[in-house]
Amino acid sequence: MLFFSTTGASAMKSNGPAADGHDSIRISLLTCAPGEEIYSLFGHTAIRYENPSQGIDVVFNYGLFSFNTPNFILRFSLGETDYQLGATDYAHFAAEYAFFGRSVWQQTLNLTEREKTELIRLLQENYRPENRVYRYNFFYDNCATRPRDKIEESIAGKVIYPAKPQDGSRSFRNIVHQYCKGHPWARFGIDLCIGSEADRPITQRQMMFAPFYLMDAFAGAQIENDSIQRPLAEAARLIVDATPETDESGWIFTPLQCALLLFILTVGATIYGIRRRTGLWGVDFFLFSAAGIVGCVLAFLALFSEHPAVSSNFLLLVFHPGQLLFLPYIIYCDRKGKKCWYLTLNLIVLTLFIVLFPLIPQRFDLAVVPLALSLLVRSASNLIVTSKKK
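About the cut-offs
Residues numbered from 1 in each chain as written. Predicted model: local features only at pLDDT ≥ 70, side-chain atom pairs only at ≥ 80, totals over all residues. Heavy atoms only, no water. pLDDT = per-residue confidence, 0-100. Contact = heavy atoms within 4.5 Å. UniProt positions renumbered as here; feature names shortened; annotations may be inferred. Helix = DSSP H or I, 4+ residues; strand = E, 2+ residues; numbered from the N terminus. Patch = residues over 30% accessible without salt bridge, like charges linked within 9 Å, V, L, I, M, F, W, Y side chains within 5 Å. Areas by Shrake-Rupley, 256 points an atom, 1.4 Å probe, with all protein chains shown as cover. Salt bridge = Lys/Arg side-chain N within 4 Å of Asp/Glu carboxyl O. Buried < 20%, exposed > 50% of the residue type's maximum accessible area, 1.4 Å probe, protein only. Axes fitted to C-alpha atoms, helices over the stretch in contact; angles between N-to-C directions. Parallel < 35°, antiparallel > 145°, perpendicular 65-115°, else oblique. Left-handed = near helix turned anticlockwise from the far one by under 90°. Phe/Tyr/Trp six-rings, centres within 6.5 Å; stacked < 30°, edge-to-face > 60°. Lys NZ or Arg CZ within 6 Å of the ring centre and 35° of its normal.

Looking at an unreviewed UniProt entry, the protein carries the name DUF4105 domain-containing protein, with the source organism given as Bacteroides difficilis.

This is the structure we're talking about:
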């Protein structure tokens, strides 16, 4: 969501949401289909405010950010990405989604006049320049949770969501995998970064970080006030019926296929090196430097990032900065034909990781297994080559 329309901004300067006192004001929750970019894979949520008597049809959107923000990549890695609330004319909003082949569903909220007035007041207050920017948190404070919280805050009563059988039976990683279907490299990259905390069971409310889970929760929710209940929202209605663009990129290697190919090549090169009684330092340079660079990223996220669920990552047993730090010593031992104590230690750790793989309280992408085995094979080759030379 990278657009920001002045039409919406000018509409916000009108006389207030309920100045005419008519019941024609309608406020709705919009749920948008996923896109192809990694930041749009999970869909999007917005709030639509319609006031025909004043000619207002505005969409409030908590998903605005800019790649041009200074130090964007560093700030994103640190979990210090700032998003902001924007207001745009509905016609522009709908045209944008239709253009990119993303459908939009609308759930009209069953609010009283006072609740509508309060919700618009909250959104207007949040839209003020000094209030509109917020610290984005992918799982806990995003473009879906913000509209939910504002809607709940405006209601005179309590919102009761229907009990779901999957409550407590899913994790953040389960939902990430669900929305990354058909995008294996995005799933692989996210799985590398998020740790064991993403595998803990979550509640139905926590599931609402994903827009379609929020839409499903609103569909059965009730507003309770003085023992009187009324539905929170009407049934979802398709208002932008768009056909997604056909992916013409063709077949590509998946992470697992690439990892298996690397493992086969590593085994083949290692067998050749053992027969020639040579360490093949070039192969070790490539593998351990790549593992070390990935390890530096994971360690950076674990130590410094504010992103949720990245701190307790058991992949640091395989990919860690030590693979890069001790690389000169590994190459030295390879070239001199000496036994490398670091590779011996690495062999033990990697062996334990492979053996205990099913017991580790973290789900890993299967591509990690052949990658770990490749490092294990190269660590073992040092012991084999040096023992033969003796």
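**Q** So what's going on with the confidence of the model for the protein? Residues and values would help.
**A** Across the protein, the average pLDDT comes to 89, with 90% of residues at or above 70. Counted against residues more than four places away or in other chains, residues 1-22, with its pLDDT under 50, gives 59 contacts.

**Q** Could you give me a rundown of the UniProt feature "transmembrane region" (unreviewed entry) in the protein, with the residues and numbers involved?
**A** Cross-referencing UniProt, the feature "transmembrane region" (unreviewed entry) maps to residues 251-273, 285-304, 310-333, 340-360 and 366-385 in the present numbering. Taken end to end, residues 251-273 is 83% helix and 0% strand, and its two terminal C-alpha atoms sit 34 Å from one another. From the first C-alpha to the last, residues 310-333 spans 34 Å; its make-up is 46% helix and 0% strand.

**Q** Explain a nonpolar patch on the surface residue by residue, including any values.
**A** A surface patch of nonpolar side chains, about 510 Å² in accessible area, is lined by Ile 348, Leu 352, Val 355, Leu 356 and Leu 359. Within the secondary structure, Ile 348 sits in helix α14 (residues 341-355). According to the relative accessible area criterion, Ile 348 is partly exposed, its value standing at 48%.

**Q** Go over the packing of helix α4 (residues 113-127) against helix α5 (residues 145-154) with me, naming the residues and quoting the values.
**A** One way to put it is that α4 packs onto α5 with a least axis distance of 8 Å and a crossing angle of 135 degrees. Relative to α5, α4 is oriented oblique. In the crossing of α4 with α5, the sense of the turn from one axis to the other is right-handed. In this structure, α4 uses Glu 115, Glu 118, Leu 119, Leu 122, Leu 123 and Asn 126 to contact α5, whose residues at the interface are Arg 146, Lys 150, Ile 151, Glu 153 and Ser 154.

**Q** Outline the packing of aromatic side chains, listing residues and values.
**A** Summed over the entire model, instances satisfying the criterion amount to 26 aromatic pairs. Here the aromatic rings of Phe 42 and Tyr 179 are separated by 5.6 Å at their centres, their planes lie at 40 degrees, and the arrangement is tilted. Taken as a pair, Phe 42 in the loop between β1 (26-32) and β2 (44-51) and Tyr 179 in helix α6 (residues 172-179) lie far apart in primary sequence, 137 residues in all. On the accessibility criterion, Phe 42 (8% relative accessible area) is buried. Tyr 179 gets classed as buried once you look at its relative accessible area, which sits at 12%. Geometrically, the ring pair formed by Phe 353 and Phe 357 is edge-to-face, given 5.9 Å between the ring centres and 75 degrees between the ring planes. The pair Phe 353 / Phe 357 is uniform in exposure class, with both members buried. Taken together, the ring pairs in this structure connect Phe 42, Phe 138, Phe 139, Tyr 140, Phe 172, Tyr 179 and Phe 209 into an aromatic cluster. Sitting above the plane of the Tyr 90 ring, Arg 48 keeps its charged end 3.5 Å from the centroid.

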